[in-house]
Amino acid sequence: MFKISYKLFENENVEGNELNGADGYFQFEIDNETYGIFITEEIDDFSVSVYWWMYYLLEAVLILKTERYVLISDIEKPSIWIELKKEKDVVGISKVSADKPKGSGAIETKKMPNLMYQYWKEKRVTYEDLKKEVIDKTKLYVEELRILNNENNKYILSLKRLILEIEK
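What counts, and where the lines are drawn
Residues numbered from 1 in each chain as written. Predicted model: local features only at pLDDT ≥ 70, side-chain atom pairs only at ≥ 80, totals over all residues. Heavy atoms only, no water. Buried < 20%, exposed > 50% of the residue type's maximum accessible area, 1.4 Å probe, protein only. Helix = DSSP H or I, 4+ residues; strand = E, 2+ residues; numbered from the N terminus. Pairing = 2+ DSSP bridges. 1 Å grid on protein atoms, 1.4 Å probe; cavity = no way out; pocket = protein on both sides within 12 Å on 5 of 7 lines; lining within 4 Å. Points joined across faces, edges and corners; volume = space filled by probe spheres on them.

As a further point, take the pairing of strand β5 (residues 69-73). The element β5 is largely enclosed, with a buried count of 5 among its 5 residues. Burial along β5 is two-sided: Tyr69, Leu71 and Ser73 facing one way and Val70 and Ile72 facing the other are all buried. Across 2 bridges, the pairing between β5 and strand β8 (residues 107-108) is antiparallel. Bridging from a neighbouring strand, Ile72 pairs with Ile107 of β8.

In structure tokens form, the structure reads like this:
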């Protein structure tokens, strides 16, 4: 089982083409492990970029259509990555630590040097279940964003484009 939970925070001070609802709480659960934070109160100290987590998960699912390995960098924590390894129709998801070499991006398709499995390792989910949960939750998120922003906001359009690419 793979489950995403999120809560977006509204920000009336958003200007121009920025995105209202980009930040909030984000958490995913796989087997008996969770990553991220989701609480009922709105406490800014614990907020993260819900937008970028959704975007990077969509990118990872898209890459896994043709590749077997993806790392997603936790932009909030300097040496934490979420590793996704696909074998046939099953994806093993691990929380790992590794140095982030100069020039590395938020999404990588090669193992990082010094990668260590200090946390949990290869929690399994089918690719289809992962894909369905990521797409379904991102579509809900997009609907919430459309209420708070202009429907043609570049960030909303980017999420919609990735969803369409995955669904091809």
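Considering all chains together, one arrives at 1 cavity of 30 Å³ or more under this definition. Estimates place the volume of the largest cavity at around 40 Å³. Lys85, Glu87, Val90, Val91, Gly92, Glu122 and Arg124 are the residues that line the largest cavity. Sorting the residues of the lining of the largest cavity by element identifies β6 (80-87) and β7 (90-97) as the ones contributing at least two each.

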